[in-house]
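# Descriptive structure summary
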Amino acid sequence: MTKETIKEKIIFFMESSRKKSFSMEEIAEGLGFQKSEDFKLLVQTIAQMEREQSIVFNKKGKVKLPLQPLLIEGTFRGNERGFGFVTIDPEEDDIYIPKESTGYAMDGDTVAIDIIKTADTALDRGAEGKIVEIRKRGTTQLVGEFVAYSPEEEAETDLYGVVIPKDKKLTKFKVYAAAEGIRPVDGSIVIVELTHYPENGYATSLEGIVKQVIGHKNDPGMDILSIVVANGIPTKFPDDVVAEADKVPDHINEKDLVGRRDLRDQLIVTIDGEDAKDLDDAVTVRKLANGNYFLGVHIADVSYYVTQGSQLDREAYDRGTSVYLTDRVIPMIPQRLSNGICSLNPHVPRLTMSCEMEIDSSGHVVSHEIFQSVIQTTERMTYTAVNEILEDEEPETMKRYKQLVPMFQAMKELHEILESMRIRRGAISFEDREAKVLVNPEGHPLDILLRTRGVGERLIESFMLAANETVAQHYHDLHLPFIYRIHEQPKEEKMQRFFDFASALGILVRGTKGTITPKDLQKVIEDVEEKPESAVINTMLLRSMQQARYSEENYGHYGLAAEYYTHFTSPIRRYPDLIVHRLIRSYGEDRSEEKQAIWSAELPDIAEHSSKMERRAVEAEREVDAMKKAEYMMDKVGEEFDGIISSVVKFGLFIELPNTIEGLIHINDLKQDYFHFIENHLALVGERTGLTFKIGQKVRVKVVKASPEERAVDFELVSAEEVPQLERPKAKQKGKASGKQNQNRGRKAAPRNKKVGGKRNDFQPAKKKGKGGKKPFYKGIKKKKK
């Protein structure tokens, strides 16, 4: 019998017994090892197990199993500076993991942790943990630029070269490309499948096999494509999906009209941006004899063509949403559908899902109908044209659309009624500034234009909100399984921080942190609208909000102050909207308990996955936006600009320019004093001078660096608006302070209220083995020439 077998028997015996500790004689008796030869082997085995720490001796010399730590599983989020946090529950605070306790975990890994220090609410200090096990790797492949080794280096190391990751979170890693599989040329942008991960002595080393060459770094548009691929967003539709899309007819047949209400004789228009090609919503408005308004919202019936269980449906589910980037759109469904039969192009019949509403003078929906229909839009309107009619009364535009002008005027009236209704009930409206980066055919940024929202944009938003709320309430009242767009009440601890901050500025907030209503917060925004503190209050309030998401449970939409809300109006670009249409059709045919049970089982997964894909798209959009803005600033190094402090953190000041470009002044570059971060004021205060920098303060800065690779811009302070000084922090003890700031050096993106796709949207927050038994990269590196 081998020692390994004896070990297993010892552990099984001890685990099976009610006792916690055992003498050697008790173990020998339990295993039947009383003979001298067996007992000697048992003693040797126990000694080895003690060295391996699989057993321990207590104070009385008895053998026992070591106490197993209570491990908690969560997701690790790494910081560029080495430390990280583990998320156990989205509703709870993250666990801080010091740099020396990360156990070589990488961002996104599923890990088991042991709590080292418990949270201390009195000191406002969170819990601290140590990673003891990596249970699932979050990164299995990465995208980067390939740097080829010379023939001599390749022969010495058994490696093709190294890959420089495009993901900022992976830039500290050196990624070795094994000498097998695809052999790229120098400068190729490649996908690497990882085979070896960091370990003792090689904390920043990875190894993998090049699985795909995306292109060359000098190819036009490769910078954006690299970000897309790095975020796991598919760039091409599979052949079976394309083949299925090709089979969809490009015109409507008579059989398609069965069971549909024919609305082709109505005056119906689409209103979108000039460059929109997927027109998925159309509207009509008229004044009724009783003084109420009739609003018809007609949405492309994508679910009629993308049927449940089809290849198109599978792909749409996987993608979750279309992704809108600087110079391209990565669609959720093939363009043959999104720009063709599913697009509500003018003067041609199209299948739609309609929500018709009668709305009174106070903005309440007094009656409604939801049904399948066929429409034929009268005109394809642009926001510019509608704004010229309603705001500028441009004669040429008024003349061109003479037939439609009375309807647009009625639309404006109804929009103002709906907007007033939302304000009365407490919908929170933040200042919304969006910028569009204009690029040339090679993808180089030429200019950054601020987008302005006129009446045309806002009235379409009002009508879509009304339809989304009406559909959500309709199916909620029927007690049928459904998918909702929810925005939950802010967490108490975040609200408390906002209360403290507002109080420090002398601003009174009604309500309590646990019961504050949207109307209370709306009042705060209104009260400071004309004050210098307006920007800072808006920023802090926005950061206090939770992120909107999809759910099979209806918790209402806090930001809109809406009791019921869903996404019904954009099925071409959002999968949850497509599901809402499918639910409407499904319940029109069958509301049996069996059908409801099927939907009840499927909707939680659809909601969770759709929320994840939305966050993935937003992350890619933000990365591309930051990269292109940094690229735009490259030839402006040395130039000066006016801006405002948009965020204050421990390691410096983020400055936003009027064109929305944001950059960092690192605390080490503030030479005037030694600065302390005052969290409840979101300010940096000089220790000697009391010099104060806080959010909303006007500054003049000089551009000192712009790096598209790092997606970052660095500024130098030229001058700052004088603001009242805050109380100076007490001076540090002699020898503790120095001219150099001892603060965090990392870069942190300031939170922003982004819109998915730049369109109508609400609040948006086991090791693999090497093949063939080949040695790991860190052994190959030192391989000597034969």
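Residues numbered from 1 in each chain as written. Predicted model: local features only at pLDDT ≥ 70, side-chain atom pairs only at ≥ 80, totals over all residues. Heavy atoms only, no water.

Let me state the cut-off plainly: UniProt positions are given in the numbering used here, feature names are shortened, and annotations may be inferred rather than shown by experiment.
The protein goes by Ribonuclease R in an unreviewed UniProt entry, where it is assigned to Enterococcus thailandicus. Database annotation for the protein, UniProt heading Subcellular location (unreviewed entry): "Cytoplasm". Among the UniProt annotations of the protein, the heading Catalytic activity (unreviewed entry) holds the following wording: "Exonucleolytic cleavage in the 3'- to 5'-direction to yield nucleoside 5'-phosphates."

## Some words on the overall build of the protein
Cut-off, in case you're wondering: What counts as a helix is a DSSP run of H or I of at least four residues, what counts as a strand is a run of E of at least two, and both are numbered from the N terminus. Burial here depends on accessible area, computed with a 1.4 Å probe over protein chains only, as a share of the maximum for the residue type. Under 20% is buried, over 50% is exposed, and the range in between is partly exposed. Within this scheme the basic residues Lys and Arg register as positive and the acidic residues Asp and Glu register as negative, but His and the chain ends are omitted. The atoms used to mark charge sites are NZ of Lys, CZ of Arg, CG of Asp and CD of Glu.
Summing up its helical and strand segments, the protein has 19 helices and 34 strands in all. Based on the C-alpha atoms only, the size of the protein along its principal axes is roughly 105 × 70 × 60 Å. Out of the 786 residues in the protein, the part that is buried amounts to 50%. The centroid of the 116 positive side-chain charges in the protein is displaced by 7 Å from the centroid of its 127 negative side-chain charges.

## A short note on the sheet that holds strand S11 (residues 174–178)
Put simply, the test is: Here the rule is simple: two strands pair whenever DSSP picks up at least two bridges between them. Helix axes are fitted only over the stretch in contact, all axes being lines through C-alpha atoms; the angle between N-to-C directions runs from 0 to 180 degrees.
The strand order around the closed barrel formed by five strands is S9-S10-S11-S13-S12, and the pairing between neighbours is mixed. Between one strand and the next, the sheet's axes are offset by a mean angle of 50°, whatever the strand orientation. Here strand S9 (residues 141–148) pairs with strand S10 (residues 159–165) via five bridges, running antiparallel. Pairing of Val147 across the sheet is with Val162, part of S10.

## Some thoughts on the packing of aromatic side chains
Aromatic ring pairs are defined here through the distance separating the ring centres and the angle between the ring planes. To keep things clear, this is the line we draw: Stacked, edge-to-face and tilted labels apply to pairs of Phe, Tyr and Trp rings (six-membered ring for Trp) whose centres lie within 6.5 Å, assigned for plane angles under 30 degrees, over 60, and everything in between, in that order. Whether a charge sits over a ring depends on NZ of Lys or CZ of Arg being within 6 Å of the ring centre and within 35 degrees of the ring normal.
Tallied over the full model, the rule gives 11 aromatic pairs. Seen from their ring centres, Tyr304 and Tyr305 are 5.3 Å apart, and the 90° between their planes marks the pair as edge-to-face. Relative to Tyr484, the ring of Phe482 has its centre 5.5 Å away and its plane inclined at 65°; by these criteria the two rings are edge-to-face. One exposure class covers both Phe482 and Tyr484, and it is buried. Members of the aromatic cluster, joined through ring pairs, are Tyr475, Phe482, Tyr484 and Tyr587. Across the ring face of Tyr304, the terminal group of Arg260 is positioned such that the distance to the ring centre comes to 5.0 Å.

## Remarks on the environment of Pro729
Here is the rule we go by: Contact criterion: two residues are considered in contact whenever any of their non-hydrogen atoms come within 4.5 Å of each other.
Tracing the backbone through its elements, the reader meets Pro729 in the loop between strand S34 (712–720) and helix H19 (777–780). With relative accessibility at 18%, the residue Pro729 sits in the buried group. Taking the C-alpha atoms as reference points, Pro729 and Lys40, separated by 689 residues in sequence, lie 69 Å from one another. Sequence-distant contacts of Pro729, defined by excluding residues within four places in its chain, comprise His676, Ile678, Val685, Gly686 and Glu687.

## Notes on the domain arrangement of the protein
What counts is decided by this rule: Each domain's extent is set by a domain assignment, obtained either automatically or from a database.
Entries for the protein in the domain assignment read domain 1 (3–64), domain 2 (72–136), domain 3 (141–219), domain 4 (241–484 + 562–618) and domain 5 (634–720). Spacing between the C-alpha centres of domain 1 and domain 5 amounts to 65 Å.

## Overview of helix H2 (residues 24–31)
An α-helix turns once every 3.6 residues. As a result, residues three or four positions apart point the same way. Operational definition: The directions from the helix axis to the C-beta atoms are what the arc is built from.
All of the buried residues in H2 are Met24, Ile27, Ala28 and Leu31. The buried side chains of H2 occupy one side of the element, clustering within an arc of 100° when seen end-on. Turned more than 90 degrees from where H2 packs its buried face, Glu25 and Glu29 sit exposed. Count one or two residues on from H2 and you reach Gly32, which has phi positive near 70°.

## Re the environment of Glu15
Of note, Glu15 is situated in helix H1 (residues 3–16). Accessibility expressed as a relative area gives 57% for Glu15, which makes it exposed.

## Observations regarding unusual backbone geometry
One non-glycine residue with positive phi stands out, namely Glu393, at about 50°. Inspection of the secondary structure assignment puts Glu393 in the loop between helix H10 (383–392) and helix H11 (395–400). For Arg711, which is not glycine, the phi torsion reads 55° and is therefore positive. Among the structural elements, Arg711 can be located in the loop between strand S33 (698–707) and S34.

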